[in-house]
Amino acid sequence: MTRRDIHGTHDFFEYVRTDDGVPLADPKKIDVAVLDMNHSWPNVGHDSLVHAVLEAAEQSRDRLVAKELKVRALSYDVRRRFMLPDAPNGRFGLYIGTGGPGHLDPRRNDGVSEFSQGIYEDDDWEAPLFELFDRILAHDSAALIGVCHSFGLMCRWSGAAHPELREEKSTGIQVNVLSPAAYDHPWFAKFANELADRKHFRVVDNRLFDLVFDGGGITPIAFENEASGTVTMAEFARASEMPRVFGVNHHPEIIDRDHLLGVLEEKRALGEVSDDWYRERTHTLENEMVGENEAQSRLTSHYTLLAPLRFHIERLVEGRLL
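As a starting point, this report considers the structure included with it.

Reading the values: rules and limits
Residues numbered from 1 in each chain as written. Predicted model: local features only at pLDDT ≥ 70, side-chain atom pairs only at ≥ 80, totals over all residues. Heavy atoms only, no water. Helix = DSSP H or I, 4+ residues; strand = E, 2+ residues; numbered from the N terminus. Buried < 20%, exposed > 50% of the residue type's maximum accessible area, 1.4 Å probe, protein only. Polar contact = N/O pair within 3.5 Å; in protein donor to acceptor, adjacent residues only side chain to side chain. Contact = heavy atoms within 4.5 Å. Pairing = 2+ DSSP bridges. Axes fitted to C-alpha atoms, helices over the stretch in contact; angles between N-to-C directions.

This brings us to the side chain of Thr232. When you line up the elements, Thr232 lands in strand S9 (residues 231-239). Here Thr232 falls in the buried class, since its relative accessible area comes to 1%. In this structure the side chain of Thr232 is engaged in a polar contact, spanning 3.5 Å, whose partner is the backbone nitrogen of Phe223. Once residues within four sequence positions are removed from consideration, Thr232 is found in contact with Phe151, Asn176, Arg207, Ala222, Phe223, Glu224, Gly247, Val248, Asn249 and His250.

If you want it as structure tokens, here you go:
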């Protein structure tokens, strides 16, 4: 597949930030809502998720082009601009939440505490966001995939888990373990069957907080380790064999060297990041995203993001083609 720039012009895909206004609904556009939780911090996660949407849409390119349709990723700056997409109402059937800096409770982000990472924010967006989550969960087909910070918010919203600050940040390639519930899951049992011991898998991590499992009526899919109550993947609702409302506390959008380097080069070419920032991230590529780590990262990304994302986008495309 040809490597494409999300900012370019494509006959099957379009990317729009809504900072200056939300474009009108268009019968020729299949809109996917990206919930940007980065508070304008330089990052690779947001654009990597948009790339994942583009690549999922490309699987349906021939059908989209034949009907003059496009998948359109609309990005909403939730925490800084208090922007949110509409609840499922015919326009949106898929929502994707990004990672982001700071405490998972916006009231704790005072800009001074180390865990706030320089973020000072109001909590005005939290109640509307949690209401959006309520509406998505109650819908019969709308999907939500939450990554890292977004997953933490989903855990707080649902009461499934609460955040606890780690003694040391978890970063780089780490190992997680599937829960017993994963073996009974129609999708994640397939993931287990591809693992050497059917249990342990590698993730790309970058987090300050553990999410300590409290219950909350969810299905925990993975934990940090066998002895830990730290949940790292959970399903809130299912559609067929795939999770419909689902979150992970790692970064499956960081798929492999080629994907990450492509995003880094795009951001540097656009002047969004400094050369030092770029070099720091490429250093991670040289030291960790190599060999078996890279192969296992691809496998984790497939099962915990890419295939579910493709499933839901294909469902939206099929619905529009009817």
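Having seen the model, we can carry on.
Attention shifts here to the sheet that holds strand S3 (residues 70-77). Here ten strands make up an open sheet; going across it, the order is S1-S3-S2-S4-S5-S10-S9-S8-S6-S7 and the pairing mixed. This sheet does not close on itself; its edge strands, each paired only once, are strand S1 (13-17) and strand S7 (200-213). Each adjacent strand pair in this sheet contributes to an overall mean axis angle of 25°, direction not counted. With 13 bridges connecting them, strand S6 (residues 161-178) and S7 associate as antiparallel partners. Each residue of the ladder has a partner; that of Ala161, found in S7, is Phe213. Against the sheet, helix H1 (residues 45-58) engages S1, strand S2 (29-36), S3, strand S4 (94-97) and strand S5 (143-147), with an angle of about 155° to S1. Along the sheet, helix H5 (residues 149-158) makes contact with S2, S4, S5, S6, S7, S9 and strand S10 (242-248), crossing S9 at roughly 70°.

On to the pairing of S2, then. In terms of burial, S2 is a largely internal element, eight of the eight residues being buried. What you see with S2 is no split at all: Lys29, Asp31, Ala33 and Leu35 on one side and Ile30, Val32, Val34 and Asp36 on the other are buried throughout. Pairing geometry for S2 and S3, over eight bridges, is parallel. Looking at the pairing, Val32 lines up with Ala73 of S3. Pairing of S2 with S4 involves three bridges; the strand directions are parallel. Opposite Val34, over in S4, you have Ile96 as the bridge partner.

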